[in-house]
Amino acid sequence: MTSPTLILGLETSCDETAAAVVRREADGSGRLLSNQVRSQVKDHAPFGGVVPEIAARAHIEHLDDLIKRAMDEAGVTYADLDGVAATAGPGLLGGLLVGLMEGKAIALAEHIPFLAINHLEGHALTPRLLEDCKFPYLLLLISGGHTQFQAVEGIGQYKRLGTTIDDALGEAFDKVAKLCGLAYPGGPQVEIAARHGNPTRFDFPRPLKGRADCNFSFSGLKTAVREAVRDMGLLTEQDIADVCASFEAAIADTVADRLKHAFAQFREMHDLPEPLLVVAGGVAANKKLRAVFESECTKHGFSLRVPPFDLCTDNAAMIAWAGAERLALGLTDDLDFAAKPRWPLDTVSLPVYGEGRLGAKA
Ligand code: KG4
Ligand code: ZN
């Protein structure tokens, strides 16, 4: 398709309810016209994690209003839309159904194409909404539910280079925060506490460091933190700061090592003069990790792109944009497209050890 298109996107796969409108110009460039997100953090905070039933109900309650606000902010009407895109997976089934049904209803009523989007493809294509970003590039996705390296080779063309064999990175931050008695979601709290801590007080393990692949594992590190906390008994503020700083240091070392292997694998696949690393997901906000991305990219001759924080975390702009990219290739979906709580981005990658557990919560 060569003419400009206007797409409404809906995101309801986890604990953010979101609606956004993007425009894809005839030359393939993108414009973000609106981006409405309602975080459910307050709804789930008393439980220390996402409660699926509460999430689904909150999506039902707020999605209509967010769509209205997104359409108003963009200054468009339903009649202006060329398509509607909704996250179809991976994620929590109840939430996925809310966004999918809403998206399908709008498509049916307006006689416009429906696009069922893989949430991970949304993250993977986000940099192309913001600027010219040619395929292929290396993606590191680090959020509360996902931790993986992907070679992004085209729309619908992904090769997973590495993933976690147990917890996601954001999940590890959240669990360490919980062990230290910090609030949910824990990542930002760990980062704040770590600022005044001693990163060398605890010699936490660097999981899988040196192994000749780019997979991750965080359960051993988490256990080491749990044992250190247990041994101290009552924690002082300084103890918490030191645990958080030492944990962050272990993560930073591990990520630097895994990046080195991912860079080498990507270079073997693609001989490019200036390869690109894109980092997405909530954990990309962490300043210590950002410094690692910058120094490792400089060291290994990669350029780096980290989308702004509100497009790194879950949002509907990335879903609308993935829809626009797919519509341009004629990749529309039927209205009986079923939600897929498990939906790997790549269908050809070899399973990694322990993937049964990972898959259960993808
Ligand atoms: O991408 P995201 O908003 O949602 C999904 O999980 O899909 O990521 C949320 C995760 C949480 O685990 C949160 O603790 C972590 O990102 N996070 C951080 C920081 N900000 C958010 N982790 C470390 N440092 C941060 N500054
Ligand atoms: Zn996400």
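Residues numbered from 1 in each chain as written. Chains lettered and ligands numbered in written order. Predicted model: local features only at pLDDT ≥ 70, side-chain atom pairs only at ≥ 80, totals over all residues. Heavy atoms only, no water.

Novice: Help me understand the sheet that holds strand E6 (residues 137-142), please; the structure alone is not making it clear to me.
Specialist: As a general point, the strands of a sheet are linked pairwise by backbone hydrogen bonds and lie either parallel or antiparallel. Here five strands make up an open sheet; going across it, the order is E8-E7-E6-E9-E10 and the pairing mixed. The open sheet is flanked by strand E8 (157-163) and strand E10 (303-305), the only strands paired with a single partner. Averaged over all pairs of adjacent strands, the angle between their axes in this sheet comes to 25 degrees, without regard to strand direction. Alignment of strand E9 (residues 276-280) against E10, held across three bridges, turns out to be parallel. Counted as the bridge partner of Leu277 is Leu304 from E10. Against the sheet, helix H8 (residues 237-269) touches E6, strand E7 (147-154), E8 and E9, its axis set at about 20 degrees to E7. (Pairing = 2+ DSSP bridges. Helix = DSSP H or I, 4+ residues; strand = E, 2+ residues; numbered from the N terminus. Axes fitted to C-alpha atoms, helices over the stretch in contact; angles between N-to-C directions. Contact = heavy atoms within 4.5 Å.)

Novice: Is there a simple way to explain the nonpolar core in this structure?
Specialist: Note that soluble globular proteins tend to have their nonpolar side chains buried in a common cluster. With 49 residues, the main nonpolar core has Phe204 and Phe247 as its most contacted residues. For this core, the elements supplying multiple residues, two or more each, are E6, E7, helix H5 (169-179), helix H6 (186-194), helix H7 (219-232), H8, E9 and helix H9 (287-300). Considering every element that reaches this core, the biggest residue donor is H8, with 14 residues. Excluding anything up to four places from it in sequence, Phe247 contacts Ala172, Phe173, Val176, Val190, Phe204, Leu221 and Val225. Core analysis: the second largest hydrophobic core is formed by 32 residues, Val22, Val152, Ala324 and Leu345 among them. (Core = buried A, V, L, I, M, F, W, Y, C linked by side-chain atoms within 4.5 Å. Buried < 20%, exposed > 50% of the residue type's maximum accessible area, 1.4 Å probe, protein only.)

Novice: What is the right way to read the confidence of the model for the chain from this model?
Specialist: Any region with low pLDDT has predicted coordinates that should not be read closely. Here the chain averages 93 in pLDDT, while 95% of its residues score no lower than 70. Low pLDDT (under 50) marks residues 354-362, which in the prediction has 17 contacts with non-local residues, meaning those over four places away or in another chain. (pLDDT = per-residue confidence, 0-100.)

Novice: Would you explain the site of ligand 1 in this entry?
Specialist: Around ligand 1 there are 17 residues in total, and Gly144, Asp174, Glu191, Gly282 and Asp314 lie nearest to it. Summarising the interface, the protein chains cover 89% of the accessible area of ligand 1, which totals 560 Å² for the free molecule. Here ligand 1 occupies the largest pocket. Looking at the shell around ligand 1, the elements with two or more residues in it are H5 and H6. In terms of residue count, the dominant contributor to the shell around ligand 1 is H6 (four residues). For the shell around ligand 1, a count of residues per class yields four nonpolar, 10 polar and three charged. (Near = heavy atom within 4 Å. Areas by Shrake-Rupley, 256 points an atom, 1.4 Å probe, with all protein chains shown as cover. 1 Å grid on protein atoms, 1.4 Å probe; cavity = no way out; pocket = protein on both sides within 12 Å on 5 of 7 lines; lining within 4 Å. Sits in = over half its atoms within 2 Å of the grid points. Nonpolar A, V, L, I, M, F, W, Y, C, P; charged D, E, K, R; others polar.)

Novice: What am I meant to see in H8 here?
Specialist: One full turn of an α-helix is made of 3.6 residues, so residues set three or four places apart face in the same direction. With 33 residues, H8 should cover 48 Å at 1.5 Å per step; its first-to-last C-alpha distance of 47 Å lies within 8% of that length. Of all the 33 residues making up H8, 24 are buried; the element is thus mostly covered by neighbouring parts of the structure. (Expected span 1.5 Å × (residues − 1).)

Novice: What's the story with the pairing of E9 in this structure? I'm lost.
Specialist: On any regular strand, side chains alternate: one points to one face of the sheet, the next to the other face. In terms of burial, E9 is largely enclosed, as five of its five residues are buried. Alternating positions in E9 separate into two faces, Leu276, Val278 and Ala280 on one and Leu277 and Val279 on the other, with burial throughout. Pairing analysis gives four bridges linking E6 to E9, with the strands arranged parallel. Residue pairing in the sheet places Leu141 in a bridge with Ala280 of E9. In terms of handedness, the path from E9 via H9 over to E10 forms a crossover that is right-handed. (Right-handed = clockwise from strand over helix to strand, strands pointing away.)

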